[in-house]
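Here is what each chain is made of, one letter per residue.
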Amino acid sequence: MNKNKLKNEVESEAEFLRYCIFPHHPIPSITDWDALFLFMKQQALLGVCFCGVERMKAEGAEVPKAMLLKWYAVSERVRTRNERLNRRTHEVVAMLEESGFRCCVLKGQGNAAMYPNPGMRTSGDIDVWVDGTREEVMAFVKERLSKADMRFHHVEFPVFKNVPVELHFFPVSMNNPLYNRRMQRWFEERMAEQCSHFVELPEGAGKIPVPTWEFNIVYQLAHMMHHFFDEGIGLRQMMDYYYLLRTTDNGQQTTDSSGLIATLKYLNLYHFAGAVIWVLHEVMGLEKCLFIVPADERRGRLLLDEILKGGNFGQHSGLTRHGMGTKYFLKIKRNMRFVRAYPAEALCEPVFRTWHFFWRMWHKY
C-alpha cells in the first residue's frame, strides 16, 4: 500500500486514540463522528474511546448529543459485560482449583487489569491455561458436559450461557514445527510461576492467576502472530500490548533486554515484535524508551494494512463470510503475501491447517 495513503487512512483515528491515551494530548478535530464510531467499533475500542469522548465534552469540545448518547449506551454494555466476565472468570478458576488443577487466565480480564479503566476494555471470551494433560482436562470437561468441541490447543467449555470459555492445553501454537517445539518447551518451563501469580479483580470479584509481565511480553506476541496468519488481528490486541509495555513505567516490572531479544529470536518472534512496536509507535504514540526491539517499518506497514482491512480478529476482512473450502484457499492466497516478511510461518501455515483438520477428525469427542 502507498505510504501516504496508509498514513491518511489512519491519521485522524490515530490522533483520537492518542488523545484517549495521553491526558495532556490536545483535543483532536473530529469532522466525521459516524466514521470514527464505525472505525472504533470494528477495532473493538468503543469502550476505551468513550473515556476520550467524555473528556472532550468536559474540556468544552462540541460532541453531537446523538453520538454522545450512542457511545454512552455502548460503554454501559461494555462495562456490564466486564463485570459479568470478572465473576465468571473467578468461578471457572475456582471450579478448576476445586478439582485439583492449577491454572492461569490468559489475556481477558488479566489484560483489563492493566488498563486505566478496566471496565472499558472490550472483553471477549475466557481463556484458561490448565496444568494437566490433555486426557486429564478432557476427563474434567466430560464430567460436566455430554459433548466437547476439542481443538489442538484448547477445548470449548460452555458452562455459562452468555460467556464462552476455552480451556487450553497450552497457550498458543506456531505453524512451523521447529519453533512450535521450542515454544511449547518454553511454556512448560514457566507454567508453575504463571499459576501462582495472582491479581485482584475490580469490585471485589476475587483473585485470579495471570501471567507475569515477562511471560506476557512473549506469549501475547505469539498469540497475535498466530492470529495474524489465521484471520487477522485488530487494534484491540495492539492496545492490550500497549498497556502491557506501559506497565514498566511504575518500576514494578523489569526484564533483561538482551535476554528478551535472545528469546524472541529463538522463538522466531523478533521480526513480528518489530512490526508491533512500529504500529504502536505510529498509531498510539508509544514512547521509544518502551521499545523492546527496534521498530520495523516494512513489516509494520504490512501489519497495519491487515489491521485496517480486517478489524478485530479479522472479522471485517470478508474471510468469515465464506464456506470452509473457499476459506481454505483464500487463506493460502492471503498468507502468501507474508512469505517475504515471515517465511517460516507463512510457508508452514497451509500445512499446519491441513494437518489440524485431519487431527480434529481423528480426535472427536
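Structural notes, computed from the coordinates. (Residues numbered from 1 in each chain as written. Predicted model: local features only at pLDDT ≥ 70, side-chain atom pairs only at ≥ 80, totals over all residues. Heavy atoms only, no water.)

**Overview of the overall build of the chain**
- Assigned secondary structure in the chain consists of 14 helices and 6 strands.
- Its C-alpha atoms give the chain a radius of gyration of 20 Å, near enough to 21 Å, the size a compact globule of 365 residues would have.
- Summarising its shape, the C-alpha atoms of the chain cover approximately 60 × 50 × 45 Å along the three principal directions.
- Put simply, of all contacts in the chain between residues at least 6 apart along the chain, 72% involve residues at least 24 apart.
- Total accessible area on the chain is roughly 16900 Å²; 53% of this is exposed by carbon and sulfur atoms.
- A gap of 6 Å separates the mean positions of the 47 positive and 42 negative side-chain charges of the chain. (Helix = DSSP H or I, 4+ residues; strand = E, 2+ residues; numbered from the N terminus. Rg over C-alpha atoms; globule rule 2.2 N^0.38 Å. Contact = heavy atoms within 4.5 Å. Areas by Shrake-Rupley, 256 points an atom, 1.4 Å probe, with all protein chains shown as cover. Lys, Arg positive; Asp, Glu negative; His and termini not counted. Charge placed at Lys NZ, Arg CZ, Asp CG, Glu CD.)

**Quick notes on the environment of aspartate 32**
- You can see aspartate 32 is positioned in the loop between helix 1 (3–21) and helix 2 (33–42).
- Considering only alpha carbons, one finds aspartate 32 and glutamine 220, 188 residues apart in sequence, at a separation of 33 Å.
- A distance of 3.3 Å separates a polar atom in the side chain of aspartate 32 from the backbone nitrogen of aspartate 34. (Polar contact = N/O pair within 3.5 Å; in protein donor to acceptor, adjacent residues only side chain to side chain.)

**Quick look at the packing of helix 8 (residues 213–230) against helix 10 (residues 257–266)**
- In the contact formed by helix 8 and helix 10, the axes pass within 11 Å of each other and the chain directions differ by 25°. Judged by the inter-axis angle, helix 8 sits roughly parallel to helix 10. Here the hand of the crossing between helix 8 and helix 10 comes out right-handed. Listed contacts from helix 10 to Ile217, Val218 and Leu221 of helix 8 are Leu260, Thr263 and Leu264.
- Looking at the contact of helix 8 with helix 10 residue by residue, the class counts come to 5 nonpolar, 1 polar and no charged. (Axes fitted to C-alpha atoms, helices over the stretch in contact; angles between N-to-C directions. Parallel < 35°, antiparallel > 145°, perpendicular 65-115°, else oblique. Left-handed = near helix turned anticlockwise from the far one by under 90°. Nonpolar A, V, L, I, M, F, W, Y, C, P; charged D, E, K, R; others polar.)

**Structural notes on the pattern of salt bridges**
- The tally for this structure, following the rule as stated, stands at 20 salt bridges.
- Two residues, arginine 121 and aspartate 240, come together in a salt bridge whose shortest N-O distance is 2.8 Å. Of this pair, arginine 121 sits in the loop between helix 5 (108–112) and strand 2 (126–130) while aspartate 240 sits in helix 9 (residues 235–246), placing them 119 residues apart in sequence.
- For arginine 121, a relative accessible area of 3% gives the class buried.
- Here glutamate 287 ties to arginine 246 by a salt bridge, and the two come within 2.7 Å at their closest N and O atoms. Taken together, the positions of glutamate 287 in the loop between helix 11 (270–284) and helix 12 (297–310) and arginine 246 in helix 9 put the pair 41 residues apart, joining distant regions of the chain.
- Relative accessible area serves as the criterion here: at 21%, arginine 246 is assigned to the partly exposed category. (Salt bridge = Lys/Arg side-chain N within 4 Å of Asp/Glu carboxyl O. Buried < 20%, exposed > 50% of the residue type's maximum accessible area, 1.4 Å probe, protein only.)

**With respect to the sheet that holds strand 4 (residues 165–168)**
- The 4 strands lie next to each other as 1-2-4-3, forming an open sheet whose pairing is mixed. Bordering the open sheet on either side are strand 1 (103–106) and strand 3 (154–156), each of which pairs with just one other strand. Along the sheet, successive strands turn relative to each other by an average axial angle of 25°, direction set aside.
- Judged from the 3 bridges that link them, strand 3 and strand 4 form a sheet pairing that is antiparallel. Bridge assignment links glutamate 156 to a residue of strand 4, and that residue is glutamate 166. (Pairing = 2+ DSSP bridges.)

**So, the side chain of glutamine 237**
- If you trace the backbone, glutamine 237 turns up in helix 9.
- Within the structure, the side chain of glutamine 237 is placed 2.7 Å from the backbone nitrogen of glycine 234, a separation counted as a polar contact.

**Examining the packing of aromatic side chains**
- The full count for this structure, using the stated rule, is 24 aromatic pairs.
- For the ring pair phenylalanine 152 and phenylalanine 352, a centre distance of 6.2 Å and an interplane angle of 65° mean the geometry is edge-to-face. With phenylalanine 152 in the loop between helix 6 (134–144) and strand 3 and phenylalanine 352 in helix 14 (residues 343–362), this residue pair connects regions lying 200 residues apart in the sequence. Accessibility classification places phenylalanine 152 together with phenylalanine 352 in one group, the buried group.
- Pairing phenylalanine 229 with phenylalanine 338 gives two aromatic rings, centres 5.8 Å apart and planes at 80°, and the pair type is edge-to-face. Of this pair, phenylalanine 229 sits in helix 8 while phenylalanine 338 sits in the loop between helix 13 (324–335) and helix 14, placing them 109 residues apart in sequence. Like phenylalanine 229, the residue phenylalanine 338 is buried in the burial classification.
- One aromatic cluster is present, built from ring pairs that chain together Trp129, Trp186, Phe187, Phe215 and Tyr219.
- Across from the ring centre of phenylalanine 37, 4.4 Å away, lies the NZ or CZ of lysine 70, which sits over that ring.
- Across from the ring centre of phenylalanine 169, 4.2 Å away, lies the NZ or CZ of arginine 134, which sits over that ring. (Phe/Tyr/Trp six-rings, centres within 6.5 Å; stacked < 30°, edge-to-face > 60°. Lys NZ or Arg CZ within 6 Å of the ring centre and 35° of its normal.)

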